[in-house]
Amino acid sequence: MPFSITAEIDAGTGSADGVIAAMGGRSAGWSLYVKDGKPTFYYNFFDVAGYRTQSSAPLPRGKSTVRVEVMPDEPGFGKPAAVKLFVDGKQTGAGRIERTVPVAYSVEGLDIGTDNVSPVSPDYKSPFPFGGKVRSVTIAVGK
């Protein structure tokens, strides 16, 4: 099922590395975070495969909007999907998820501004708090 994550953030003037939003954990899930100054989306397929999409441009200082769109190739559970990453409305990254989680990510829930319990991505250690401010996160699920 297609979904998007739109985050209104404020990176401030310092390092804004850290998790913006994460769903699930080490066993399965997704995470939208900033690593080495670049927005990154990581999709964890049951800790068997991981799919990373990173922005080609660094996150700007101050307020910005980071958006991820995940669009399956066809209807149905567990299908491959295309990933697009946007910063302030401009596409800055694209990737693929070859195997999507068919039903549920894990017993870990949704975290905003941090990734508690276990990390979705091997790129960081939990809780990896976001160095700026997360103003809002909107998750939209479509058909």
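Residues numbered from 1 in each chain as written. Predicted model: local features only at pLDDT ≥ 70, side-chain atom pairs only at ≥ 80, totals over all residues. Heavy atoms only, no water.

Caption draft 1: Broad picture of the sheet that holds strand β1 (residues 3–10). Pairing in this open sheet of five strands is antiparallel, and the strands run β8-β7-β6-β1-β10 from one edge to the other. Each edge of the open sheet is held by one strand with a lone partner, namely β8 (90–97) and β10 (133–141). If you compare each strand with its neighbour and ignore which way they point, the axes differ by 15 degrees on average. Alignment of strand β6 (residues 63–72) against strand β7 (residues 81–87), held across seven bridges, turns out to be antiparallel. Looking across to β7, one finds that P72 is bridged to A81. (Pairing = 2+ DSSP bridges. Helix = DSSP H or I, 4+ residues; strand = E, 2+ residues; numbered from the N terminus. Axes fitted to C-alpha atoms, helices over the stretch in contact; angles between N-to-C directions.)

Caption draft 2: Examining the packing of aromatic side chains more closely. Per the counting criterion, the structure on display carries six aromatic pairs. Aromatic pair F45 and F46: ring centres 4.9 Å apart, planes at 75 degrees, arrangement edge-to-face. F46 sits in the partly exposed class, given a relative accessible area of 37%. Judged by centre distance (4.9 Å) and plane angle (15 degrees), the ring pair of Y124 and F128 falls under stacked. We note that Y124, like F128, is buried. (Phe/Tyr/Trp six-rings, centres within 6.5 Å; stacked < 30°, edge-to-face > 60°. Buried < 20%, exposed > 50% of the residue type's maximum accessible area, 1.4 Å probe, protein only.)

Caption draft 3: Inspection of the side chain of T53 at higher detail. With respect to the helices, strands and loops of the structure, T53 is situated in strand β5 (residues 49–54). Residue classification places T53 among the buried residues on the basis of a relative accessible area of 2%. Among all residues touching T53, those that are not within four sequence positions of it are P39, T40, F41, V83, L85, G93, A94 and G95. (Contact = heavy atoms within 4.5 Å.)

Caption draft 4: Representation of the nonpolar core in the model. In terms of nonpolar packing, the biggest core is built from 26 residues, with L32, F41, V68, V70 and I97 touching the most fellow members. Among the elements of the structure, β1, β2 (18–25), β3 (28–35), β4 (38–45), β6 and β7 are those that each provide at least two residues to this core. When residues no more than four places from it in sequence are discounted, the contact partners of L32 are I5, A7, V19, I20, A21, T40, V66, V68 and L85. Among the nonpolar cores identified, the runner-up in size contains seven residues, and A22, Y33, Y42 and Y124 belong to it. (Core = buried A, V, L, I, M, F, W, Y, C linked by side-chain atoms within 4.5 Å.)

Caption draft 5: Geometry of the environment of A22. Considering the arrangement of structural elements, one finds A22 in strand β2. Sequence separation between A22 and P129 is 107 residues; the distance between their C-alpha atoms is 11 Å.

Caption draft 6: Just the pattern of salt bridges, in detail. Overall, the coordinates contain six salt bridges when judged by the stated rule. The closest approach of N and O atoms between E69 and R67, which form a salt bridge, is 3.0 Å. In this structure, the salt-bridge partner of E74 is K79, at a minimum N-O distance of 3.7 Å. Given a relative accessible area of 44%, E74 falls into the partly exposed group. One continuous salt-bridge network, built from bridges that share partners, spans D73, R96 and E98. (Salt bridge = Lys/Arg side-chain N within 4 Å of Asp/Glu carboxyl O.)

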